[in-house]
Number of protein chains: 2
Amino acid sequence: MYRTFRAGQIRATDIDERVRLAGWVARRRDHGGVEFIDLRDASGVVQVVFREGEAAEAAHELRNEFCVQISGVVSRRPGGNENPDLPTGDVEIVADGLTVLSESAPLPLPVDDNVDVGEDVRLRHRYLDLRRTGPARALRLRSEANRIARQLLHDEDFVEIETPTLTRSTPEGARDFLVPVRLQPGTWYALPQSPQLFKQLLMVSGFERYYQIARCYRDEDFRADRQPEFTQLDIEASFVTESDVMAIGERIVTALWRELADHEITGPIDRITWHDAMNRYGSDKPDLRFGTELVDLSDYLAGTAFRVFAQALESGGYVGAVVMPGGASQTRKQLDGWQDWAKARGAKGLAYVLFDEATGEPRGPVAKNLSAEHLAGLADAVGAKPGDAVFFAAGADRIAAQELLGAARLEIGRRCGLIDESAWAFCWVVDAPMFGRTDDGWTSLHHPFTAPNADWADRFGDDPEAALAYAYDIVCNGNEIGGGSIRIHDAAMQRRVFDVLGIDDAEAEDKFGFLLEAFQYGPPPHGGIAFGWDRICALLTGADSIREVIAFPKSRGGHDPLTGAPTPITPQQRKEAGVDAVVAPPTA
Amino acid sequence: MYRTFRAGQIRATDIDERVRLAGWVARRRDHGGVEFIDLRDASGVVQVVFREGEAAEAAHELRNEFCVQISGVVSRRPGGNENPDLPTGDVEIVADGLTVLSESAPLPLPVDDNVDVGEDVRLRHRYLDLRRTGPARALRLRSEANRIARQLLHDEDFVEIETPTLTRSTPEGARDFLVPVRLQPGTWYALPQSPQLFKQLLMVSGFERYYQIARCYRDEDFRADRQPEFTQLDIEASFVTESDVMAIGERIVTALWRELADHEITGPIDRITWHDAMNRYGSDKPDLRFGTELVDLSDYLAGTAFRVFAQALESGGYVGAVVMPGGASQTRKQLDGWQDWAKARGAKGLAYVLFDEATGEPRGPVAKNLSAEHLAGLADAVGAKPGDAVFFAAGADRIAAQELLGAARLEIGRRCGLIDESAWAFCWVVDAPMFGRTDDGWTSLHHPFTAPNADWADRFGDDPEAALAYAYDIVCNGNEIGGGSIRIHDAAMQRRVFDVLGIDDAEAEDKFGFLLEAFQYGPPPHGGIAFGWDRICALLTGADSIREVIAFPKSRGGHDPLTGAPTPITPQQRKEAGVDAVVAPPTA
């Protein structure tokens, strides 16, 4: 047996006990020939003293992160040497035996929570990074999150079912990762972007309640904090309404935050419609930790001569604003900075009006272009006080203009310290549109299997832009942490949705034929939700990045700094895998 | 709300209750205008009666597997109509409302456990197959198996950690599935054959106790009952001995069989050395549900003039035998069949001697070649009785000859009905060899990180063939259901193993550099085990094939009969994925 006790669990009640421990040298110091080491294992740290003899001499040779086994007797620390910050702070091990299990080379990365190290080095030596308390705690929390969610779902009769990860490519949405199939050269598997179609098949098969903590894959261009492989808690149920699914989701989130963030979500989580979220916060995942709502000025500014606003309004578009408290005191450079900020988001700039701190008078370039009447009532219309700034966005595309203001709102919240970083603000965003406009028609805002709500079931085709879906996202502090929908289970309705999307029968058959075929055999009404597990765990951990809750994350471009993946393959691998074989896809 | 009760949970105590139910029409019958349906949901079946009115007329139009919602009142079945085989057999729902939620086309596959359907049709329409009680129960059991194992591991302080599935290719052992990386054309990820290296890195990182129910991938040629993706329960721990890991494994197996197979594993599971298993059963995964052990005749037949045996013995090889009780009564055709059976296994044939039922006299072609003395003592030497047959295998390659006899033993067990199909026979196979001989040297029998046992730690290089590892497999009814080892954590020892394997420093660095680097920083002693989760669940289910415990299995050649995967990809996908880019691998 390597050890009889865990280091971090030794207490004063164990005094005089002979123990054997194993772990790492967290620190060694020498006080006049007496060697002290802090011995760390997964349970914590205990002080070990080598007073004399061979063991003390050997201990003198120890270095940080050597892996050692020690034997000795638990003793009370000499008076005045207790460490109240340490659970084991009353005791020390008076050691008489030492075995070095393995040595450590000089460390590329100090195993010390108090030292700030660049992420590149941390990921390159992730095995050392994870010896630190914070990073290790993040992964332990994730393990607990899994347990809490599974326990709840088990108690509610959900069945955990694994779905395939070598599956069929359905080229649409994000790109699939592809896998050549040696036994059928020229054909490829795809890694699943989600278990969506399989979980719907499981509903057709009568399981009624399914879940899975599922690995998913999306071959996307690099965006901040995305990983090519990610994890979702995937849930689907039959004979459920939107409210049923949302209630399940809410119980999961409530349990997680109660047990892991010591936060009680009281009462049902607020629901806000998608259109309200856009109108008020310029986002379909509003951060409700602060107010600062958008103001729609389209009516107020009707008839304005200012060209930018007038053009937007004439084309049936939108002019809106958001207030930056105290923003009038910004320097010229800061105000120019907002222009660059807006341009980086694809906007032409960010019009603004400043209300003089002393007089309340509006000034700035836009102020010169507005009528006296519009200027006079502007502060009231937007809710600005003297000293505030107002930013405007205008455009024929209402959503784009609101999104710009929504981004400005978040930036204002950060810069002005409006966000309570200790707060948890949840909401459901409901009644999302079924369709979004594209250059040549319509696309699904969620996916083509999302059901219209009862109001729109019979007439979504008449006004696709206005049609609403039984779709719901759950948002925490401005992060979409989960989303789902009630699915279509009626073949005729599904065909009508494909019609709107411009998917003809042949294409539908080619892409989703197996699901449509399954739907011929008494599919139940069903719906579900998927939680972004990496994001949820990151939030619970208080981490900015999902990389903190992934054991071995990829860095930018999908590179793994630890293993060096991806790598070139050998010509033999290439040949064997049949990579070069080309088989024409069947014509749709 | 779609339903107020689950169909299978209604009891006589619910009589007079008004209920709403939803589910599938399992059966409909018409008795003089009164319509009866068996309504099935995930909880079971209840009888529904439509006596009159519109609902009865509508019910007449129902067909099997329509998905329906009904409302009605729970009533006692008329006297004599109770069905004691059904938990709901005392009651029926007198229905007054019926909504068809979806219709069903004529079924390609009857949803009936009593009808035997070919696997092709079952997999093609797996969503219907899974509506059947047996197939659905298999997946529910698997969900429970997950829960039981996780609960136990959680209680023992194991942390569940996900490891990457887009990882680095290490070309050796089975082939890797490969994934082209669009963002770095010419480079590829590999799908992991197991989390082996990552779990060892987690030990270096100090987690001490890790587990994961992990998806793994092996691009193997088709063998019976293999899947390109499969699942293992993967466990690793630090500061453990072989016995510690085996004890953890034993607790898991005991819990699973207790809770899911109603079988109590009493006392510690027997251990048998790898060499004993080969000598006695001709297999490293012996089926201990029956005896019929192999007999080593190498000494007994020393000096024989029979060329086949003499050559084997002269080359330092092996002659052994296994008895087939009652085998002397086999027909000529049956005996010829054994020759074909042996040839299909790559042997030249299967020598045999038959002991006459009446006289006990040995006969058959081999008998003619043995000396009178050898013949006289043969029955005693092999433990044969009059009427038995004895099969022989001989060869310079002891293992190959024993494996042939081991396969014959299993065949004998089956043909002679020696196997108690209701029995559970577990054993640990321990003390496996470290190395196996190849054409040009040595290969690892487990993997190159497996530690030699204490006896061999200092001298495995002196006699690789004889060196034994701290490696252990757990076997159930002749199936290897798990296996693992204590790993090397000493860099110098690892280099000595690479020496034996003919892996030079450059190759080691190229393939395992990141692990070897990690081992520089105080790696703890560690070891683990991985359970073949598909096989374990299949055994617990009583299924012959792991396909029964996989929701959407692949058929032969990795084809998915349901989705049609794998498929050709479009030229655009090919171009985008960078499939055709070639980057030379770094020279080792």
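Looking at an unreviewed UniProt entry, one finds chain A named Aspartate--tRNA(Asp/Asn) ligase and attributed to Stackebrandtia albiflava. Database annotation for chain A, UniProt heading Function (unreviewed entry): "Aspartyl-tRNA synthetase with relaxed tRNA specificity since it is able to aspartylate not only its cognate tRNA(Asp) but also tRNA(Asn). Reaction proceeds in two steps: L-aspartate is first activated by ATP to form Asp-AMP and then transferred to the acceptor end of tRNA(Asp/Asn)." Its UniProt record, at the heading Catalytic activity (unreviewed entry), says of chain A: "tRNA(Asx) + L-aspartate + ATP = L-aspartyl-tRNA(Asx) + AMP + diphosphate".

**Q** Would you take a moment to explain the UniProt feature "binding site: L-aspartate" (unreviewed entry) in chain A for this structure?
**A** Residue and element names in this part refer to chain A. Under the present numbering, the feature "binding site: L-aspartate" (unreviewed entry) in UniProt falls on E172, R218, H446 and R487. Along the chain, R487 falls in the loop between β21 (479-486) and α13 (491-501). The class for R487 is buried, based on a relative accessible area of 3%. With near-sequence residues (within four places) excluded, R487 lies in contact with Q196, K199, Q200, E236, H447, F449, A451, H526, G527, G528 and I529. In this structure the side chain of R487 is engaged in a polar contact, spanning 2.7 Å, whose partner is the side chain of E236.

**Q** Whenever I open this one, the UniProt feature "site: Important for tRNA non-discrimination" (unreviewed entry) in chain A confuses me. Can you help?
**A** Residue and element names in this part refer to chain A. When the UniProt feature table is mapped to this numbering, "site: Important for tRNA non-discrimination" (unreviewed entry) covers H31 and G80. Topologically, H31 is positioned in strand β1 (residues 18-31). Mapped onto the elements of the fold, G80 is located in the loop between β4 (67-76) and β5 (91-102).

**Q** How do you make sense of the relation of the copies chain B and chain A when you look at a structure like this?
**A** Between the two copies of this chain, the relationship is a rotation about some axis together with a displacement along it. Each copy of the sequence occupies a distinct position, and chain B is placed on chain A by a rotation of 180° and an axial shift of 0.0 Å, giving an RMSD of 0.1 Å. Expressed as an axis order, the relation between the two copies is that of a two-fold axis. Identified as the residue of chain B closest to the rotation axis by C-alpha distance is B:V179, at 2.5 Å. Here 100% of the interface residues in chain B have copies in chain A that are interface residues too; the copies meet face to matching face.

**Q** Help me understand the sheet that holds strand β22 (residues 526-532) of chain A, please; the structure alone is not making it clear to me.
**A** Neighbouring strands of a sheet are bound in pairs by backbone hydrogen bonds; such pairs are parallel or else antiparallel. All names here are of chain A. Strand order in the open sheet made by the eight strands is β6-β9-β10-β22-β21-β20-β17-β11, with mixed pairing throughout. With partners counted over all chains shown, the strands left at the sheet margins are β6 (159-160) and β11 (271-273), one partner each. Pairing of strand β20 (residues 471-476) with β21 involves six bridges; the strand directions are antiparallel. Bridging from a neighbouring strand, V475 pairs with E480 of β21.

**Q** Just checking my understanding: could you explain helix α9 (residues 332-344) of chain A for this structure?
**A** Because the α-helix completes a turn every 3.6 residues, residues three or four places apart line up on one side. Residue and element names in this part refer to chain A. Helix length check: α9, at 13 residues, gives a terminal C-alpha distance of 19 Å against a target of 18 Å (1.5 Å per residue), a fit within 8%. Of the residues making up α9, those classed as buried are L335, W338, Q339, W341 and A342. Taken end-on, α9 shows its buried residues confined to a sector of 160°, consistent with a single buried face. Pointing more than 90 degrees away from the buried face of α9 are the exposed residues R332, K333, D340 and A344. The secondary structure elements touched by the buried residues of α9 are β13 (318-324), β14 (351-355), β16 (389-395) and α12 (398-415).

**Q** Please explain the packing of aromatic side chains as it appears in this structure.
**A** How two aromatic rings sit relative to each other is set out by the distance from centre to centre and by the angle between their planes. A full pass over the atoms with the stated rule returns 34 aromatic pairs over all chains. Geometrically, the ring pair formed by A:F309 and A:F392 is tilted, given 5.3 Å between the ring centres and 45° between the ring planes. Here A:F392 lies in strand β16 and A:F309 lies in helix α8 (residues 307-314), a separation of 83 residues in the sequence. A:F392 matches A:F309 in its accessibility class, with the two residues each being buried. When the centroid spacing of 6.3 Å and the interplanar angle of 40° are considered together, the rings of B:F435 and B:F460 count as tilted. With B:F435 in strand β18 (residues 435-438) and B:F460 in the loop between β19 (441-444) and β20 (471-476), this pair connects stretches of sequence that are 25 residues apart. Overall, the relative accessible area of 1% leaves B:F460 in the buried class. Aromatic rings pair up to connect A:W338, A:W341, A:Y352 and A:F391 into one cluster. Here A:R415 stacks its cationic end above the ring of A:W338, 4.2 Å away from the centre of that ring.

**Q** It is not clear to me how the pattern of salt bridges should be interpreted in this structure. Could you clarify?
**A** For side chains bearing opposite charge, pairing can occur when the charged atoms are close. Scanning all chains against the criterion turns up 92 salt bridges over all chains. A:D296 serves as the salt-bridge partner of A:R398, at 3.2 Å between the closest nitrogen and oxygen. Of this pair, A:R398 sits in helix α12 while A:D296 sits in strand β12 (residues 295-296), placing them 102 residues apart in sequence. Between B:R574 and B:D580 there is a salt bridge, with its nearest N and O atoms 2.8 Å apart. Judged by its relative accessible area of 10%, B:R574 falls in the buried class. Through salt bridges with shared partners, one network takes in A:R142, A:R215, A:E229, A:D534, A:K554 and B:E162.

**Q** Explain a negative patch on the surface here, please?
**A** The grouping of A:D284, A:D397, A:E403 and A:E480 at the surface amounts to a negative patch. One can find A:E403 in helix α12.

Calculation criteria
- Residues numbered from 1 in each chain as written.
- Chains lettered and ligands numbered in written order.
- Predicted model: local features only at pLDDT ≥ 70, side-chain atom pairs only at ≥ 80, totals over all residues.
- Heavy atoms only, no water.
- UniProt positions renumbered as here; feature names shortened; annotations may be inferred.
- Helix = DSSP H or I, 4+ residues; strand = E, 2+ residues; numbered from the N terminus.
- Buried < 20%, exposed > 50% of the residue type's maximum accessible area, 1.4 Å probe, protein only.
- Contact = heavy atoms within 4.5 Å.
- Polar contact = N/O pair within 3.5 Å; in protein donor to acceptor, adjacent residues only side chain to side chain.
- Least-squares fit on C-alpha atoms with pLDDT ≥ 70 in both.
- Pairing = 2+ DSSP bridges.
- Expected span 1.5 Å × (residues − 1).
- Arc of directions from axis to C-beta.
- Phe/Tyr/Trp six-rings, centres within 6.5 Å; stacked < 30°, edge-to-face > 60°.
- Lys NZ or Arg CZ within 6 Å of the ring centre and 35° of its normal.
- Salt bridge = Lys/Arg side-chain N within 4 Å of Asp/Glu carboxyl O.
- Patch = residues over 30% accessible without salt bridge, like charges linked within 9 Å, V, L, I, M, F, W, Y side chains within 5 Å.
- Areas by Shrake-Rupley, 256 points an atom, 1.4 Å probe, with all protein chains shown as cover.
- Lys, Arg positive; Asp, Glu negative; His and termini not counted.
- Charge placed at Lys NZ, Arg CZ, Asp CG, Glu CD.

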